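The chain contents come next:
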Amino acid sequence: MVLGGSFIGMEVAATLQGRGVATSMVFSGGPQWEAFSRPPCPTFSNATTANGAEIFSRAASKELGSDGHVEHVVLETGRAAGPN
């Protein structure tokens, strides 16, 4: 689970995916790198999802679900995001 869709968040997600870790990204902004590219470029999101990650953009986290370590994030919508 990566909280944030910035450059560093995308790098962390790519590294985790490269190690075979199921990855989800949650961030409050719009498309990844929206602040850096106008109009937003789907290349980053496409590359991330092509490798199996789930992306939850324009989403806010409400709570972290854990049992000693974070297992999932509950979004404000009530949906649980993560590999569970």
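From a predicted model like this one, the values you see are computed outputs, not experimental measurements.

A. Molecular detail of the overall build of the chain. In terms of regular secondary structure, the chain is built from two helices and six strands. Helices and strands in the chain line up, N terminus first, as β-α-β-α-β-β-β-β. The buried share among the 84 residues of the chain stands at 32%. For the chain, the share of sequence-separated contacts (at least 6 apart) that also reach a separation of at least 24 residues comes to 41%. Surface summary for the chain: the accessible area is close to 5200 Å², and the carbon and sulfur share equals 53%.

B. View of the environment of Ser28. Looking at the secondary structure, you find Ser28 in the loop between β2 (24-26) and α2 (43-50). The spacing of Ser28 and Ser57 is 29 residues in sequence and 5.8 Å in space, taken between C-alpha atoms. The residues contacting Ser28, other than those within four sequence positions of it, are Arg58 and Ala59.

C. Summary view of helix α1 (residues 7-18). Spanning 12 residues, α1 covers 16 Å between terminal C-alpha atoms, matching the ideal 16 Å at 1.5 Å per step. Where α1 is buried, its residues contact β1 (2-3), β2 and α2. Backbone geometry just downstream of α1 places Gly20 in the positive-phi region, at approximately 80 degrees.

D. Spatial organisation of the sheet that holds strand β3 (residues 54-56). Across the sheet, which stays open at both edges, the three strands sit in the order β1-β2-β3 with parallel pairing between neighbours. Across the chains shown, the open sheet's two edge strands, defined by having one partner strand only, are β1 and β3.

E. Region of the structure containing the nonpolar core. Residues Val26, Phe56, Ala59, Val73, Leu75 and Ala81 constitute the largest nonpolar core, which totals six residues. In contact with Val73, not counting residues within four places along its chain, are Met1, Leu3, Ser61, Glu63, Leu64, Arg79, Ala80 and Ala81.

The rules behind the values
Residues numbered from 1 in each chain as written. Predicted model: local features only at pLDDT ≥ 70, side-chain atom pairs only at ≥ 80, totals over all residues. Heavy atoms only, no water. Helix = DSSP H or I, 4+ residues; strand = E, 2+ residues; numbered from the N terminus. Buried < 20%, exposed > 50% of the residue type's maximum accessible area, 1.4 Å probe, protein only. Contact = heavy atoms within 4.5 Å. Areas by Shrake-Rupley, 256 points an atom, 1.4 Å probe, with all protein chains shown as cover. Expected span 1.5 Å × (residues − 1). Pairing = 2+ DSSP bridges. Core = buried A, V, L, I, M, F, W, Y, C linked by side-chain atoms within 4.5 Å.

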